[in-house]
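Summary of the model geometry
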Amino acid sequence: MIWIANILVALVAALHAYFLILEMLLWDKPQGLKVFRNTPEKAAITKVLAANQGLYNGFLAAGLVWGLVHGNPAFAFQIKAFFLLCVIVAGAYGAATVSTRILIVQALPAALALLALFLT
């Protein structure tokens, strides 16, 4: 079961690394505009804010990877649980303030990974 949990944690980390790329590098490019349903004008105005948000997503990804590679299983569990909870809270806040789609894209995968982690 730990393998399933770790695969799900890795997927959540990969998602957040992808969010980092989208928000920091592709925000005002065609792919970023499409994903975030944004206009070039709005993207230009919000580019610095998006980059900041992307950096935070990178920190979430880094924390999850840290939990995956840490050598002490008990501490690794705590690291993964903490960062998954952070992702869930961020996803719930995003769903409440921006789009309910964020709940499905961000919070749900993290909740599934957290559930799998607690079942190990």
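Our structure is the block above this text.
Nothing here was measured: the structure is a model prediction, and the numbers come from that model.

Definitions and limits used
- Throughout this document, residue positions are counted from 1 along each chain, in the order its sequence is written.
- Under the rules for a predicted model, residues below a pLDDT of 70 receive no local features and side-chain atom pairs below 80 are neither given nor counted, while totals for whole chains, interfaces and linings still include all residues.
- Side-chain numbers come from the whole structure's heavy atoms, not from hydrogens or water.
- Each Phe, Tyr or Trp ring, with Trp reduced to its six-membered ring, pairs with another whose centre is within 6.5 Å; inter-plane angles below 30 degrees give stacked pairs, above 60 give edge-to-face pairs, and intermediate values give tilted ones.
- With a 1.4 Å probe rolled over the protein chains alone, any residue whose accessible area is under 20% of its type maximum counts as buried; one over 50% counts as exposed, and the rest are partly exposed.
- Geometry is summarised by axes, namely lines fitted to C-alpha atoms with helices restricted to the contacting stretch, and by angles between N-to-C directions that run from 0 to 180 degrees.
- Only runs of H or I of at least four residues qualify as helices and only runs of E of at least two qualify as strands under DSSP, and these elements are numbered from the N terminus.
- Any angle that falls under 35 degrees is termed roughly parallel, while one over 145 is termed roughly antiparallel, one within 65 to 115 roughly perpendicular, and all others oblique.
- In this scheme the handedness of a crossing depends on how the near helix is turned from the far one: anticlockwise by less than a right angle means left-handed, clockwise means right-handed.
- A contact between two residues is defined here by any heavy atoms of the two lying within 4.5 Å.
- Amino acids are sorted into nonpolar (Ala, Val, Leu, Ile, Met, Phe, Trp, Tyr, Cys and Pro), charged (Asp, Glu, Lys and Arg) and polar (every other residue, Gly among them).

**Things to note about the packing of aromatic side chains**
Applying the stated criterion to the full structure yields six aromatic pairs. An angle of 45° between the planes, with centres 6.5 Å apart, marks the rings of Y18 and F19 as tilted. For Y18, a relative accessible area of 33% puts it in the partly exposed group. Relative to F83, the ring of F82 has its centre 5.0 Å away and its plane inclined at 85°; by these criteria the two rings are edge-to-face. F82 gets classed as partly exposed once you look at its relative accessible area, which sits at 49%.

**A look at the packing of helix α3 (residues 40-69) against helix α4 (residues 73-97)**
Two elements in contact, α3 and α4, have axes separated by 8 Å at closest approach and are oriented at 155°. By the angle between their directions, the pair α3 and α4 is classed as roughly antiparallel. When the axes of α3 and α4 are compared, the crossing they make is left-handed. In contact with F59, L60, G63, L64, W66, G67 and L68 of α3, α4 contributes F75, A76, I79, K80, F83, L84, C86 and V87. A class-by-class count of the residues in the contact of α3 with α4 yields 12 nonpolar, two polar and one charged.

Function-wise, these values are silent; they only describe arrangement.
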